[in-house]
Amino acid sequence: MYVDAVKSGLLADMGAEMWHTLCVIASYMNERGECYPTQAQIARGIGTSRTAASRRIKRLLDYRWNEKPIVTVIKKREGGVFDNNRYTVQPISGLAMFDRKK
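All figures in this text were calculated on a predicted structure; none of them were measured in a lab.

Asker: Could you give me a rundown of the overall build of the protein, with the residues and numbers involved?
Answerer: Looking only at helices and strands, the protein has four helices and seven strands in total. The secondary structure elements of the protein, listed N-terminal to C-terminal, are α-α-β-α-α-β-β-β-β-β-β. When burial is assessed residue by residue, the protein has 36% of its 102 residues classed as buried. Of the accessible surface of the protein, which amounts to about 6100 Å², a share of 52% is contributed by carbon and sulfur atoms.

Following this line, the structure appears as structure tokens:
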């Protein structure tokens, strides 16, 4: 975590629940911020039901900081069935792995 999330006011603005959800999703990301956790994995990570996790993910995807999304999603269908979503944790979040440039 970069202290920028605290110093910029992002953490206070988004609140504990969205920050918690963001950190769980970000724990799966690669060096480009992309990750493919299932809703069940996210639910286990935040300690809630899959239904509650789905609501929290939606709120996080709808959230904007300085008019920009913190996390984006690409929903993929494979043969008419949804495959794992691809979430991308955006650099504006202040979270990075592998020395990713902010």
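Asker: So what's going on with the pattern of salt bridges? Which residues, and what values?
Answerer: Inspection of every chain in the model, using the stated rule, returns four salt bridges. A salt bridge links Glu 31 to Arg 32; the nearest nitrogen and oxygen atoms lie 3.0 Å apart. The partly exposed category is assigned to Arg 32, whose relative accessible area is 49%. Two residues, Glu 34 and Arg 32, come together in a salt bridge whose shortest N-O distance is 3.1 Å. Salt bridges here are not isolated pairs; linked through shared partners, they connect Glu 31, Arg 32 and Glu 34.

Asker: I'd like a description of helix H4 (residues 50-62), backed by residues and values.
Answerer: Over its 13 residues, H4 runs 18 Å from end to end, which matches the ideal 18 Å to within 8%, given 1.5 Å per residue. Looking at H4, one finds that the buried residues are Ala 52, Ala 53, Arg 56, Ile 57, Leu 60 and Leu 61. Lining the buried residues of H4 we find helix H2 (10-26), helix H3 (39-46), strand E2 (64-65), strand E4 (71-74) and strand E7 (86-89).

What counts, and at which threshold
Residues numbered from 1 in each chain as written. Predicted model: local features only at pLDDT ≥ 70, side-chain atom pairs only at ≥ 80, totals over all residues. Heavy atoms only, no water. Helix = DSSP H or I, 4+ residues; strand = E, 2+ residues; numbered from the N terminus. Buried < 20%, exposed > 50% of the residue type's maximum accessible area, 1.4 Å probe, protein only. Areas by Shrake-Rupley, 256 points an atom, 1.4 Å probe, with all protein chains shown as cover. Salt bridge = Lys/Arg side-chain N within 4 Å of Asp/Glu carboxyl O. Expected span 1.5 Å × (residues − 1). Contact = heavy atoms within 4.5 Å.

Without other data, these values stay purely geometric and don't point to any function.
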